[in-house]
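Here is what each chain is made of, one letter per residue.
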Amino acid sequence: MFSLYLIMTWLKNLVICWSTLVFLSSCRLDNPEWDTGWALPLAWSDLTPANIFGDTLIAYDPLGQVYLSYDREVFKLPIDTLLIVPDTGFSYGLTLPGSITIYPGNPLTVYDNYTIFQVPDFSLNQLVVGSGTVQILAETQAQARVRVTYSAPKASKNGVTFTLTDTINPASPGQTSILEREIDLSGYVFDLTGDDHLQANRLRIRITAEVPPGDPPIPVPAGTLLVNTRLTFKNIKPYFARGSIMTRKFQLQADTQKVPLFGLVKAGNFSMTEPWVKIILENGVGADLQAKIEQIEGINSRTGQSVLLSAPITQGNVLLGRALNSPFNGMPYKPTYFESVADGQNSNLRQFIENMPDKIILKSSATLNPIAFVGAGHDFVYNISKTSARLQVWFPLGFSFNQLVLADTVPYDPSSLPYTDRFRRLVIKVLCENTYPFDLYAQLYVLNDHGQILDSLLNVNVVPAAALSLNGNPNTPVQSILQGVLEGNRKELFLKGRRLWWKIYFHSHSQGQVPVFYDFYKLRARLVVQAEVRI
């Protein structure tokens, strides 16, 4: 939104000062025939180019010339969809077919096989766990202690292989003894290539059961459940994954970017010089990316007019090479980039911006790894990988206005003020010092709850332009007063209002001349309310 903070501050202060005024007047109600005048200075403030166009949109060159700079990320590839590891688990038990005596130091194999991670569209050969756990449940019907050992020969952390040994307490006759554990896997590295280094998404798990050393041998009757175990890999979120990414197509939803400056333009048009727009594509995934900016449309909601940007970036596909898996600028990978610039020479950018779009709609699509398996198992992605497009707009604030109108509304509630029946007359004055080299026209309207205009407040509303010196700088600021007198029915309409509608009209130099904005331009304004009150 166009910044009208100055006006909003004035109006808030106005309500505060009115309250103070009425409070003071209420102290003298014993003299109801005495009229008095009040002059209330409310605020000093400067209306600079940064106030008008917004601090976040303003940049300056070394000479102080003002530029509009718009820089936004307009789409981002959903990297998290590449790193989905569903909860994976299995349950396996060892029930002895016949009676047997188990001696200490003679482990029995419960499970020795692969756990398969069903990762969508990604054949993983390595995974570094960012966060997640493995939940373990072990149970036995043996009436003696049973020691269970879990190991994953190709899962390690800081060079130490994953191994866990737990002892299940003896079960009561006819009962089952249960042991539950949850192990944090953060930082573990999974080698998912299998024993022959040719597999994918497979992690070997080995589970054994035995009598703890030092315990007596245990006779186990036939049909006894010696041990049953269930492992579940839960909420695994990778920090890094490597392997072969399948071809993935993304039809990105149309993204609407709001343009605050043009959103408050209610009438008029302008012409400008030297604009340019840059699209920056970034690929932070270790796989090729084919991107297409299908459409960039600027829509002026006020007029209903839209203009499609015709520029090199909208003419076809762009292929970005894979990121490099090597540190760069504090990141663990080095992204690849593509830039395309549209200007007045290779596009219809001037027509696009002079339509004054308050909304820009961008439609795009992307294909990750358009040629599958070209990476030979070396595709990669980090959980901080970023693949995105940025839209940058840059042009000097040098343009001519033709009946340009900016507007905004400010809420207020005079009904909360006591003794308003004692207000005889209100005079609103705005004392101005203008160094802008063009005229400004202002008006305040009182609106009711339905947004209907009840009255206009300013009888004098012209802020004359400052004359320019030979070097282009303004001379001494031009002083002027905006004024409105409220009495009788107009005063009553003002007290019935609920919102103020502030409109500013810009009239720049004559046709063909393009004024340039500088950081020293300002409109200094002081708001004064004079009130005649019967106390």
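Residues numbered from 1 in each chain as written. Predicted model: local features only at pLDDT ≥ 70, side-chain atom pairs only at ≥ 80, totals over all residues. Heavy atoms only, no water.

When you go through the protein chain residue by residue, the secondary structure sums to five helices and 32 strands. A total of 535 residues make up the protein chain; the buried ones form 48% of that total. Sequence-distant contacts, at least 24 apart, represent 85% of the contacts inside the protein chain between residues at least 6 apart. Surface exposure of the protein chain reaches about 25,000 Å², of which carbon and sulfur atoms provide 50%. (Helix = DSSP H or I, 4+ residues; strand = E, 2+ residues; numbered from the N terminus. Buried < 20%, exposed > 50% of the residue type's maximum accessible area, 1.4 Å probe, protein only. Contact = heavy atoms within 4.5 Å. Areas by Shrake-Rupley, 256 points an atom, 1.4 Å probe, with all protein chains shown as cover.)

With respect to the helices, strands and loops of the structure, Gln295 is situated in strand S18 (residues 289-299). Gln295 gets classed as partly exposed once you look at its relative accessible area, which sits at 22%. A sequence separation of 15 residues divides Gln295 from Ser310, and the C-alpha atoms of the two residues are 8.7 Å apart. Engagement of the side chain of Gln295 in a polar contact is seen with the side chain of Glu297, the distance being 3.3 Å. (Polar contact = N/O pair within 3.5 Å; in protein donor to acceptor, adjacent residues only side chain to side chain.)

Counting 84 residues, the largest nonpolar core has Phe162, Leu185, Phe190, Ile205, Ile207, Phe233 and Leu281 as the members making the most contacts within it. What Phe233 contacts, discounting residues up to four positions off in sequence, is Asp87, Thr88, Thr115, Phe117, Thr133, Val134, Leu185, Phe190, Leu203 and Ile205. (Core = buried A, V, L, I, M, F, W, Y, C linked by side-chain atoms within 4.5 Å.)

Before going further, it helps to spend a moment on the pairing of strand S12 (residues 202-210). Summarising the sheet, strand S6 (residues 108-116) and S12 pair through eight bridges and their orientation is antiparallel. Following the sheet pairing, Thr109 is matched in S12 by Thr208. Where strand S8 (residues 146-157) meets S12, five bridges bridge the pair, whose relative direction is antiparallel. Each bridged residue has a counterpart across the sheet, and for Tyr150 the counterpart in S12 is Ile207. (Pairing = 2+ DSSP bridges.)

The next point concerns the confidence of the model for the protein chain. Here the protein chain averages 80 in pLDDT, while 78% of its residues score no lower than 70. Averaged pLDDT values for the elements of the protein chain fall to 41 in helix H1 (residues 5-25) and rise to 97 in strand S11 (residues 189-191). Across residues 1-43 the pLDDT falls below 50, and counting only partners more than four positions away or on other chains, this stretch makes 88 contacts in the model. (pLDDT = per-residue confidence, 0-100.)

Positionally, Ala366 belongs in strand S22 (residues 359-368). Since its relative accessible area comes to 4%, Ala366 is described here as buried. Linking Ala366 and Val318, residues 48 residues apart in sequence, is a C-alpha distance of 9.3 Å. Discounting chain neighbours no more than four positions away, the residues touching Ala366 are Leu77, Arg248, Lys249, Phe250, Leu289, Gln290 and Ala291.

We now examine the packing of aromatic side chains. Counting across every chain of the model gives eleven aromatic pairs. Taking the centre distance of 5.3 Å and the plane angle of 65° together, the rings of Phe117 and Phe233 count as edge-to-face. Here Phe233 lies in strand S14 (residues 225-245) and Phe117 lies in the loop between S6 and strand S7 (122-140), a separation of 116 residues in the sequence. This pair shows no difference in class: Phe117 is buried, exactly as Phe233 is. Geometrically, the ring pair formed by Phe190 and Phe233 is edge-to-face, given 6.2 Å between the ring centres and 80° between the ring planes. With Phe190 in strand S11 and Phe233 in strand S14, this pair connects stretches of sequence that are 43 residues apart. This pair shows no difference in class: Phe190 is buried, exactly as Phe233 is. Three or more aromatic residues link up through ring pairs in this structure, and these residues are Tyr239, Phe240, Tyr333, Phe380 and Tyr382. (Phe/Tyr/Trp six-rings, centres within 6.5 Å; stacked < 30°, edge-to-face > 60°.)

A few words on the pairing of S8. As paired elements, S8 and strand S9 (residues 160-168) share nine bridges and run antiparallel to each other. Within the sheet, the bridge partner assigned to Lys157 lies in S9 and is Val160. The antiparallel hairpin formed by S8 and S9 contains two residues in its connecting segment, where Asn158 sits at a positive phi of about 55°. Bridge analysis of S8 against S11 gives two bridges, and the strand direction is antiparallel. When the sheet's bridge partners are listed, Ala155 is paired in S11 with Phe190.

Take the pattern of salt bridges next. If charged atoms from side chains of opposite charge come close, those side chains can pair. Counted according to the given criterion, the structure contains 14 salt bridges. In this structure, Asp455 and Arg490 form a salt bridge, with 2.8 Å as the shortest nitrogen-oxygen distance. With Asp455 in strand S28 (residues 453-456) and Arg490 in helix H5 (residues 489-496), this residue pair connects regions lying 35 residues apart in the sequence. Since its relative accessible area comes to 13%, Asp455 is described here as buried. Arg490 sits in the partly exposed class, given a relative accessible area of 23%. It is possible to trace a salt-bridge network through shared partners that takes in Asp112, Asp195, Arg204 and Arg206. (Salt bridge = Lys/Arg side-chain N within 4 Å of Asp/Glu carboxyl O.)

Glancing now at the sheet that holds strand S3 (residues 66-76). Taking strand neighbours across the sheet as the criterion, the five strands line up as S2-S3-S24-S17-S21 in an open arrangement whose pairing is antiparallel. This sheet does not close on itself; its edge strands, each paired only once, are strand S2 (58-60) and strand S21 (336-343). The sheet shows a mean angle of 25° between the axes of neighbouring strands, taken without regard to direction. (Axes fitted to C-alpha atoms, helices over the stretch in contact; angles between N-to-C directions.)

Moving on, we come to the environment of Ala152. With respect to the helices and strands, the residue Ala152 is situated in strand S8. In this structure the C-alpha to C-alpha distance between Ala152 and Thr163, which are eleven residues apart in sequence, comes to 6.7 Å.

The next point concerns the side chain of Asn369. Tracing the backbone through its elements, the reader meets Asn369 in the loop between S22 and strand S23 (379-382). Once residues within four sequence positions are removed from consideration, Asn369 is found in contact with Ile245, Met246, Thr247, Ala287, Asp288, Arg322, Val374 and Asp379.

Unlike most non-glycine residues, Asp121 shows phi in positive territory, near 60°. With relative accessibility at 36%, the residue Asp121 sits in the partly exposed group. A positive phi is found at Asn235, a non-glycine position, where the angle reads about 55°. Along the chain, Asn235 falls in strand S14.

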